[in-house]
Amino acid sequence: YDVLFISMLFLTLLLLFLALFPGAFNCCTKVSDEIPKGILRRVERFEIQKADGLCHLEAVILYIEGRKFCVSPRIRKVKKWMKKNKHKIPRKKTHGRKQRRTKIIKKKEKKQ
């Protein structure tokens, strides 16, 4: 009886933790300090992991063909590539729409 109760309590707490902190097990725990030549050309999108909150390591997460690669943000080649490929960072949709609307309105005003 006690073993069943303790195991159910542990399982409940684990599920609660996963619900409250969904990104806790999605952090890069190791980063590569080198990157093979052809990798950056194949990156579909990337994210920047900061060393705060649940993740305790700075990293650039590269997504290639559904796989995740963690590399150091200090690699010169990666820094240069990130500047050129800012569009590959997932954006918040509402913010992007507001900016587009204002640009369209400004263009219409100029035509009149």
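Treat the numbers as computed from the prediction; the structure is a model and nothing was measured. (Residues numbered from 1 in each chain as written. Predicted model: local features only at pLDDT ≥ 70, side-chain atom pairs only at ≥ 80, totals over all residues. Heavy atoms only, no water.)

Draft legend 1. A look at the side chain of Ser72. Assignment of secondary structure puts Ser72 in the loop between strand S3 (67-71) and helix H2 (76-84). A polar side-chain atom of Ser72 sits 3.1 Å from the main-chain amide nitrogen of Arg74. The residues touching Ser72, leaving out its near neighbours within four places in the chain, are Val31, Ser32, Asp33 and Val78. (Helix = DSSP H or I, 4+ residues; strand = E, 2+ residues; numbered from the N terminus. Polar contact = N/O pair within 3.5 Å; in protein donor to acceptor, adjacent residues only side chain to side chain. Contact = heavy atoms within 4.5 Å.)

Draft legend 2. Spotlight on the packing of aromatic side chains. If you walk through the whole model with that rule in mind, you get one aromatic pair. Between the NZ or CZ atom of Arg45 and the centre of the ring of Tyr63, over which it lies, the distance is 3.9 Å. (Phe/Tyr/Trp six-rings, centres within 6.5 Å; stacked < 30°, edge-to-face > 60°. Lys NZ or Arg CZ within 6 Å of the ring centre and 35° of its normal.)

Draft legend 3. Examining the sheet that holds S3 more closely. Ordered in space as S1-S2-S3, the three strands form an open sheet in which the pairing is antiparallel. A single partner strand is all that each edge strand has here, and the edge strands are strand S1 (45-49) and S3. Within this sheet the neighbouring strands show an average axis-to-axis angle of 25 degrees, counted without direction. Note: strand S2 (residues 59-64) against S3, five bridges, orientation antiparallel. If you follow Ile64 over to S3, its bridge partner there is Arg67. Along the sheet, H2 contacts S1, S2 and S3; its crossing angle with S2, the most-contacted strand, is approximately 65 degrees. (Pairing = 2+ DSSP bridges. Axes fitted to C-alpha atoms, helices over the stretch in contact; angles between N-to-C directions.)

Draft legend 4. Just the pattern of salt bridges, in detail. Counted under the stated rule, the structure contains three salt bridges. Taking the shortest distance from any N to any O, the salt bridge between Glu47 and Arg45 comes out at 3.0 Å. By relative accessible area, which is 29% here, Glu47 ends up partly exposed. The partner of Arg74 in a salt bridge is Glu58, and the shortest N-O contact between them spans 3.7 Å. Of the two residues, Arg74 is situated in the loop between S3 and H2 and Glu58 in the loop between S1 and S2; the sequence distance between them amounts to 16 residues. (Salt bridge = Lys/Arg side-chain N within 4 Å of Asp/Glu carboxyl O. Buried < 20%, exposed > 50% of the residue type's maximum accessible area, 1.4 Å probe, protein only.)

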